[in-house]
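Topology and contacts: notes
Chain residues, written in single-letter form:
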Amino acid sequence: MKSTAQVVVIGGGVVGASVLYHLTQAGWTDVVLLERRELTAGSTWHAAGGMHTINGDPNVAALQRYTVQLYEELEKSSGVSCGVHLTGEVMLADSEDRMDWLRMVHARGRYLGMDTELISVSEAAQKIPFLVEEHFVGALWDPVGGHVDPSGVTHAYAAAARMAGAEIYRNTWAYDIVANSDDTWDVVTEEGTITCEHFVNCGGLWAREVGRMCGLELPILAMEHQYLVTEQLPEIAPWLEATGGYGVGAIDFGGEIYTRAEAGGLLLGTYEKACVPWSTTETPWDFGSQLLTPDLERIAPSLAAAFEHFPIFADAGIRNVVNGPFTFAPDGNPLIGPIRGQRGHWVACGVMAGLSQGGGVGLAMANWMTTGDPGFDVWGMDVARFGDWTTPSYTKAKVMENYSRRFSISFPNEELPAGRPLHTSAIHDDLDSANAVWGSSYGLEYPLWFQRLGAEPVEEVTFHRSNAFDVVADEVHATRTGVGLMETTGFAKHEFTGPGARVFLERVMANHIPESGRMALTPMLNHQGMLIGDFTVATISTATDATDAADGPERFVVFGSGAAEGYHERWFRSQLRVARSTGVESPSEGRSSGLESAREDRSAGGRVSYRPLSHEMAGLSISGPAARDVLASLTTVDVSNDSFRFLDVRRMDLGMVPALVARISFTGDLGYEFWVPASLQQRLFRLLTEAGEPHGMRLFGLRALDSMRLDKGFGAWASEYRSVYTPWEARMDRFVKLDKGDFIGREAAAASLAAGPERRLCLLRIDVDGADALGDEPIWHDGEVVGWVTSGGYAHWSEASCALGYLPSTLADAATRSGGFEVEVLGVRRAATRLDEPLFDPSGARLRS
Ligand SMILES: Cc1cc2nc3c(=O)[nH]c(=O)nc-3n(C[C@H](O)[C@H](O)[C@H](O)COP(=O)(O)OP(=O)(O)OC[C@H]3O[C@@H](n4cnc5c(N)ncnc54)[C@H](O)[C@@H]3O)c2cc1C
């Protein structure tokens, strides 16, 4: 066995084998894989082998499509059969809501180049002759679905990787992982120790235990899953013959079952509501290629649905029942990427559909490890989307919820209840009394909107406009004509202090870092010049503040997306480490424990200290034309436009609350944000409420904020701004200062500017009928799909249904025709017009005066 390697992959299931293969394809060949027993000896060997390209998240769908397309090439290069059968698959809808979902999936598939087709029930019955039509209202046909041989696929990856130079050690258990002081890792096995630069946790059923070897508690849990295979069914022989021997796959969402042909009979699997987690505290290391005891009683309701929807099952003998465990993350998507604070520690686990997703996961991991960028949009799979709130009991609640809802409709405005409320801000009860309808992000509850008093604070789930529509319109109106108050604790706040902090921030941000007392909007780029963050940086002088003065003359608070707090924390910590090692700065990071990483990073020489402030700093924001009067009534500071300008930030004593007050608002109106210690938030809230009363101040939530940002065409992180766009594509040109000196991504950004952006972010107005665009809808022009929507909704103040989305540069600018566009909303192409300036306050006068 080797004693050193560039990469050690731990785990020889389908995911580990794919990561190994893709690393070799990317040119890294000093790579080894350790497998405790035989390849596939986790959940892979008993998988049903189904593969689908359809997924509610188009980025996951893209990965799945890549995986399915890879198999042919993999068979050729490895010489090992993957047992691929592309039978096609019918997704059956039992309700109009489900049909809406399928229409949405179908439309989204268009810009990914997917070739799905909406079909009638009788067309579905031609493909699946044993279904009872009356239970269904329509279907989606996906010609690319089918099934593969899980063992064949794993061995094919392994063979191709070996041919390219990788080594695979079977019966080699990695029982410990030790961090060395020179940034390498020792992976310890009974056969010896391998020192490596990177290791990848592909431990599948044991990924949680592998994580614990490095002090990491990964949010994954295994669930029991059952499928059965019937005896041979002579009745389906003609169908099998007509379809080349393998029939056609089907997913019956209403019945919560999937089925396909298997060995002359039928296979039937289900995601039952009464689901059961497996090995909740620890996966036994002596669990081998075993199955669990079947429990048909538990899946009886699904079997009853199957007997009704597909009566052929009622009299079929059962040949075999498989009950096996496989792992899930709280939202059902994979967990991939680098672990924050632990250089060289990577994970690719929680992959619940390894045969559909394994290839794409392997490719993204290999890109990421070899170039620093996953190469496509993996936001929904990035391990950094989870933070410290994901304790094992939270994970259990969420995984069980996700499993039991696997075939349920996910509505775009739906907030799932498990594991909530968890973190709440100090004013939660005040907002609850005001009839808040709650959402949750990154573990924190936040108000979506405020239901009228006396009515139940519940939002109907729908693909159309909900009961929130009229109330949100009132919140917007009250804010735009008077003043509104919103809770903003959910924003991320990253604090940098110390004498080296400014130099560090100048290096990681693309805009100038502002002088004391000012704020600046700034994108953050990776080395490929792609957009990995959009922030507001506030520079606060510590000269007047004895508590901060020890940390240097300035303190910087970097405000960003709350959902991306962990994602950005990971980047900041990794760049602090680079700064130390290159001598640009001398921050010491030390190995922290990943998801539970040490919250403070203090430099060895005290030059840069970094700390995410999370919920300890609470936020409130007021906005609207009367906002200044409200603030003025609480302070003796001159807050006139000349003295407290747009993007000014300063400390104020507001009725005994020492607040950081920032003149900025995402509503696009005159507005102020207030940042205070969490323990003072309630006092400030009550002061503001009282001061706002004479002006008719109204509480508003995220829905109204979203509506107002659409008035202005403001983009937001995770929709318009993601790592697959350049800042030029995202129209952040004025915030990128190529001439300010070196910063991360500068060269690549200069090159992409010189080449000219291929696409540009645009604002569209759509003629809709009761349903607005939400995100991921295709944009058509002259009968062709030319782009996609990143977010959409109703701009109440402007009385327009709007969407932001990316269009090819040739169609994106004022010089080209603004009409002739269409956006496909719930399967119907709606006329759309490109707007070349915002609908509200295009000159920005409201914001600045
Ligand atoms: C009943 C059932 C049906 C399924 N049907 C489908 C389906 O139709 N389609 C689909 O796509 N997916 C299906 N799945 C899910 C699929 O099995 C998983 O997505 C997939 O197996 C995950 O692969 P993996 O490589 O991540 O994990 P695993 O297969 O669990 O592999 C992990 C490997 O790592 C090894 N390992 C762990 N720790 C160590 C260590 N410390 N040292 C050395 N080796 C270690 C283990 O021995 C194991 O071989 C099904 C699952 C079940 C249970």
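In this text, all values refer to a predicted model and were calculated from it rather than measured experimentally. Residue numbers here run from 1 along each chain, matching the order of that chain's written sequence. Local features in this predicted model are restricted to residues of pLDDT 70 or higher, and side-chain atom pairs are both shown and tallied only at a pLDDT of 80 or more, whereas totals for entire chains, interfaces and linings draw on every residue. Remark: hydrogens and water are excluded; side-chain values derive from all non-hydrogen atoms of the structure.

1. What to know about the packing of helix α1 (residues 14-25) against helix α5 (residues 150-163)
To obtain each axis, a line is fitted to C-alpha atoms, and for helices this fit is confined to the stretch in contact; angles are then taken between N-to-C directions over 0 to 180 degrees. Only runs of H or I of at least four residues qualify as helices and only runs of E of at least two qualify as strands under DSSP, and these elements are numbered from the N terminus. Where α1 contacts α5, the axes come no closer than 8 Å and their chain directions differ by 30°. When the axis of α1 is compared with that of α5, the two are roughly parallel. When the axes of α1 and α5 are compared, the crossing they make is left-handed. Of α5, the residues touching α1 (which contributes Val-14, Ala-17, Ser-18, Leu-20, Tyr-21, His-22 and Thr-24) are Val-153, Thr-154, Tyr-157, Ala-158, Ala-160 and Ala-161. Classification used: nonpolar for Ala, Val, Leu, Ile, Met, Phe, Trp, Tyr, Cys and Pro, charged for Asp, Glu, Lys and Arg, polar for all others including Gly. Here the residues of the contact of α1 with α5 sort into nine nonpolar, four polar and no charged. Just so you know how the angles are binned, under 35 degrees is roughly parallel, over 145 roughly antiparallel, 65 to 115 roughly perpendicular, and the rest oblique. Definitions for this section: a left-handed crossing has its near helix turned counterclockwise from the far helix by less than a right angle. A right-handed crossing has that turn clockwise. Here, two residues are considered to be in contact whenever any of their heavy atoms come within 4.5 Å of each other.

2. Digging into the nonpolar core
Taken as a class, soluble globular proteins show a tendency for nonpolar side chains to be buried jointly. If you look at the biggest cluster of nonpolar residues, it comprises 50 residues, and the most contacted ones within it are Trp-101, Leu-102, Tyr-258, Tyr-271, Phe-328 and Val-823. It is helix α3 (residues 96-111) that contributes the most residues to this core, five residues altogether. Apart from residues lying up to four places away in sequence, Phe-328 is in contact with Pro-219, Ile-220, Leu-221, Met-223, Tyr-271, Met-352, Val-399, Asn-402 and Tyr-403. Each nonpolar core is a collection of buried residues, namely Ala, Val, Leu, Ile, Met, Phe, Trp, Tyr and Cys, held together in the definition by side-chain atoms within 4.5 Å. In this scheme, a residue with accessible area under 20% of its type's maximum is buried, one over 50% is exposed, and one in between is partly exposed, where area comes from a 1.4 Å probe on protein chains only. Counting 47 residues, the second largest nonpolar core, distinct from the first, contains Ala-501, Met-509, Phe-556 and Leu-804.

3. Topic: the confidence of the model for the protein
As a per-residue quantity, pLDDT reports the predictor's confidence and falls between 0 and 100. Put simply, the protein has an average pLDDT of 94, and 96% of its residues get 70 or more. Taken together, the stretch residues 585-599 has pLDDT below 50 and engages in 79 contacts with residues farther than four places along the chain or on a different chain.

4. Considering unusual backbone geometry
For the bond running from Arg-420 to Pro-421, omega is -10°, close enough to zero to count as cis. Inspection of the secondary structure puts Pro-421 in the loop between α10 (392-404) and α11 (428-433). Positioned with a positive phi, Ser-279 is a non-glycine residue whose angle comes to about 50°. Residue placement: Ser-279 occurs in the loop between β16 (277-278) and α8 (300-309).

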